[in-house]
Amino acid sequence: MWKYFKVVIKVIFPLIWAYFTCLLPYSINPTKRILELRFHKVQKIILKILKAFNVELHAEDLDEFYKNRNDNENYLFVCNHISDMDPLIFIALAKRPITFVAKIESKKFPLIGRAVKILEGEFMDRDDLKQSLKVMSRVQEKLAEDRKLDVMIFPEGTRNKGDVFKTLDYKHGTFRPAYKINRNVIAFAIGGDNKILSVKDNSKKYDVYIKQVALYSSLDYQNKKTTDIAIDCQNKTNVALIEIKDKLMS
């Protein structure tokens, strides 16, 4: 609890200002402003929050990806899901606009919900198959229509509240929007951010590691089904999580 008190002291006034000047108005009518402007506004807010929590990000693989990527192509990002901080961290590290598929419950969250709305993300009701299929169809449309926007989905379908160094089963439908239109899929593993929001954890610093585990191109689709890709991605992510665990424990 003391941790939250210190964070609030550091960011309360900037957050209040940002909420009423950016998060609230931008989320009500996002398309009134260009996507790049909205993205950088949200990113600036998130960076302040991470700094207040004293989060240190180790993401050499992600930096390398952005350095070498083709800016005229967009990607479907996938990653294991261990914390509500996961999407915020990828926004903080992104070098260009990225949006998300989030659980419908987060739509009411003052920060995450507003951020997803501002970035024209999607909210999925995991208990409503028809709605979920419509969401995935819209993800496919976003990937097809806007080459300057990346989309991120967490293939476990829910946050892992158990062993954070071993993924839940990856849903093969996650990969279908990219599969259908021959978009590349870039897969990452993340570890360390599950303790940031914990009231019981009062660490002075939080190390978060992000590791690239796979890149699936249209050439891979020719020889694999989405079920094959999901299994392969999950296995590679679990291997990467063992490496991340070793770094966090050292």
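Reading the values: rules and limits
- Residues numbered from 1 in each chain as written.
- Predicted model: local features only at pLDDT ≥ 70, side-chain atom pairs only at ≥ 80, totals over all residues.
- Heavy atoms only, no water.
- Helix = DSSP H or I, 4+ residues; strand = E, 2+ residues; numbered from the N terminus.
- Rg over C-alpha atoms; globule rule 2.2 N^0.38 Å.
- Buried < 20%, exposed > 50% of the residue type's maximum accessible area, 1.4 Å probe, protein only.
- 1 Å grid on protein atoms, 1.4 Å probe; cavity = no way out; pocket = protein on both sides within 12 Å on 5 of 7 lines; lining within 4 Å.
- Points joined across faces, edges and corners; volume = space filled by probe spheres on them.
- Nonpolar A, V, L, I, M, F, W, Y, C, P; charged D, E, K, R; others polar.
- Expected span 1.5 Å × (residues − 1).
- Contact = heavy atoms within 4.5 Å.
- Pairing = 2+ DSSP bridges.
- Axes fitted to C-alpha atoms, helices over the stretch in contact; angles between N-to-C directions.
- Polar contact = N/O pair within 3.5 Å; in protein donor to acceptor, adjacent residues only side chain to side chain.
- Salt bridge = Lys/Arg side-chain N within 4 Å of Asp/Glu carboxyl O.

1. Structural notes on the overall build of the chain
A tally of regular secondary structure across the chain gives nine helices and seven strands. Taking 250 residues into account, the globule formula puts the C-alpha radius of gyration at 18 Å, and the chain, at 18 Å, falls close to it. Projected onto its principal axes, the C-alpha positions of the chain cover 55 × 50 × 40 Å. Burial statistics for the chain: of 250 residues in total, 50% are counted as buried.

2. Some thoughts on the layout of surface pockets
Each pocket or cavity is described by its volume, and for the largest pocket that value is around 780 Å³. Around the largest pocket, the lining is made up of 33 residues, and of these Val101, Met124, Met136, Ile153 and Gly157 lie nearest the centre. Among the elements of the structure, β3 (98-103), α5 (112-118), α6 (129-145) and α7 (176-181) are those that each provide at least two residues to the lining of the largest pocket. Per element, the largest residue contribution to the lining of the largest pocket is six residues, and it comes from α6. Its residues placed into classes, the lining of the largest pocket shows 14 nonpolar, 11 polar and eight charged. What the second largest pocket holds in volume is close to 470 Å³. Together, 18 residues line the second largest pocket, and Leu15, Ile49, Pro110, Leu111 and Leu197 are the ones closest to its centre. When residues in the lining of the second largest pocket are grouped by element, the largest group, eight residues, is from helix α1 (residues 2-28).

3. Let's talk about helix α9 (residues 226-249)
Over its 24 residues, α9 runs 34 Å from end to end, which matches the ideal 34 Å to within 8%, given 1.5 Å per residue. By the burial criterion, the buried members of α9 are Thr226, Ile229, Ala230, Cys233, Gln234, Thr237, Asn238, Ala240, Leu241 and Ile244. Contacts from the buried residues of α9 go to β2 (75-79), α7, β6 (184-191), β7 (206-216) and α8 (218-221).

4. Some details on the pairing of β7
In the sheet, strand β1 (residues 55-58) pairs with β7 via four bridges, with the strands oriented parallel. In the strand pairing of β7, His58 is matched with Tyr209. Of the pairings in the sheet, the one linking β6 to β7 comprises seven bridges and is antiparallel in character. Following the sheet pairing, Ala189 is matched in β7 by Lys211.

5. Thoughts on the sheet that holds β6
One open sheet accounts for seven strands, arranged β1-β7-β6-β2-β5-β3-β4; its pairing is mixed. The open sheet has two free edges, formed respectively by β1 and β4 (122-124), since each of these has just one partner strand. Taken over all neighbouring pairs, the strand axes of this sheet differ in orientation by 25° on average, direction set aside. Two strands pair when backbone bridges link them, and β3 and strand β5 (residues 150-153) are joined in this way by three bridges, in the parallel orientation. Bridging from a neighbouring strand, Thr99 pairs with Val151 of β5. Sitting on the sheet, α6 touches β2, β3, β4 and β5, and the angle it makes with β4 is about 155°. The strands touched by α9 are β2, β6 and β7; relative to β7, the strand with the most contacts, the crossing angle is about 150°.

6. Side note on the side chain of Ser106
Relative to the assigned elements, Ser106 resides in the loop between β3 and α5. Residue class for Ser106 comes out buried when judged on its relative accessible area of 3%. For Ser106, the side chain forms a polar contact with the main-chain oxygen of Lys103, separated by 2.7 Å. Beyond its immediate chain neighbours, meaning those up to four positions away, Ser106 contacts Ile112, Gly113 and Phe123.

7. Notes on the pattern of salt bridges
Applying the stated rule across the entire model yields 14 salt bridges. A salt bridge links Arg126 to Glu105, with the nearest nitrogen and oxygen atoms 3.5 Å apart. Linking Arg126 in the loop between β4 and α6 with Glu105 in the loop between β3 and α5, this pair joins segments that are 21 residues apart in sequence. Looking at Arg126, the relative accessible area reads 38%, which means it is partly exposed. A relative accessible area of 40% places Glu105 in the partly exposed class.

8. Observations regarding the environment of Phe109
Following the sequence through the fold, Phe109 ends up in the loop between β3 and α5. On a C-alpha basis, the gap between Phe109 and Thr99 in space is 16 Å, while along the polypeptide they are 10 residues apart. When residues no more than four places from it in sequence are discounted, the contact partners of Phe109 are Asp84, Lys103 and Arg114.

No statement about biological role is implied by the geometric values presented.
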